[in-house]
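Each chain, written out:
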Amino acid sequence: MSEQRTFRNLQILEPARTEAKNILQERYASVVQPFRNIIETVAKSNNENHFEAMKRIQDKTDLAAEPEKKIIFAAALMEIVEEKNLQF
């Protein structure tokens, strides 16, 4: 995945994560963790990156069909990306 495309994806994911944090407040971590687990499991099972895993989840399942779940999946993906790639 190109750096430009990754940056564009992060620009979309960050507002979703912020929205999820605002809505869920103290429940954020406990609600997002199972979604992280799903993305990480799909990525590992298919030997692909987390963006590809999220696309697979969206294309092949109805797990992210509801708008609320899309936001939580986006937040979970941002958490994964930040943890794995953006730590300084």
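Residues numbered from 1 in each chain as written. Predicted model: local features only at pLDDT ≥ 70, side-chain atom pairs only at ≥ 80, totals over all residues. Heavy atoms only, no water.

Q: Can you help me understand the side chain of R17 in this one?
A: With respect to the secondary-structure elements, R17 resides in helix 1 (residues 3-24). The buried category is assigned to R17, whose relative accessible area is 5%. Those residues in contact with R17 that lie beyond four places of it in its chain are Y28, A75, M78, E79 and E82. (Helix = DSSP H or I, 4+ residues; strand = E, 2+ residues; numbered from the N terminus. Buried < 20%, exposed > 50% of the residue type's maximum accessible area, 1.4 Å probe, protein only. Contact = heavy atoms within 4.5 Å.)

Q: Is there a simple way to think about the pattern of salt bridges in this case?
A: Two side chains that carry opposite charge are able to pair once their charged atoms sit near each other. Across all of its chains, the model carries seven salt bridges by this definition. A salt bridge links E48 to R56; its shortest N-O distance comes to 2.9 Å. On the basis of relative accessibility, which here comes to 17%, the residue E48 falls in the buried class. Under the relative-accessibility criterion, R56 is labelled partly exposed at 30%. Three or more residues joined by partner-sharing salt bridges are found here, namely E14, R17, E79 and E82. (Salt bridge = Lys/Arg side-chain N within 4 Å of Asp/Glu carboxyl O.)

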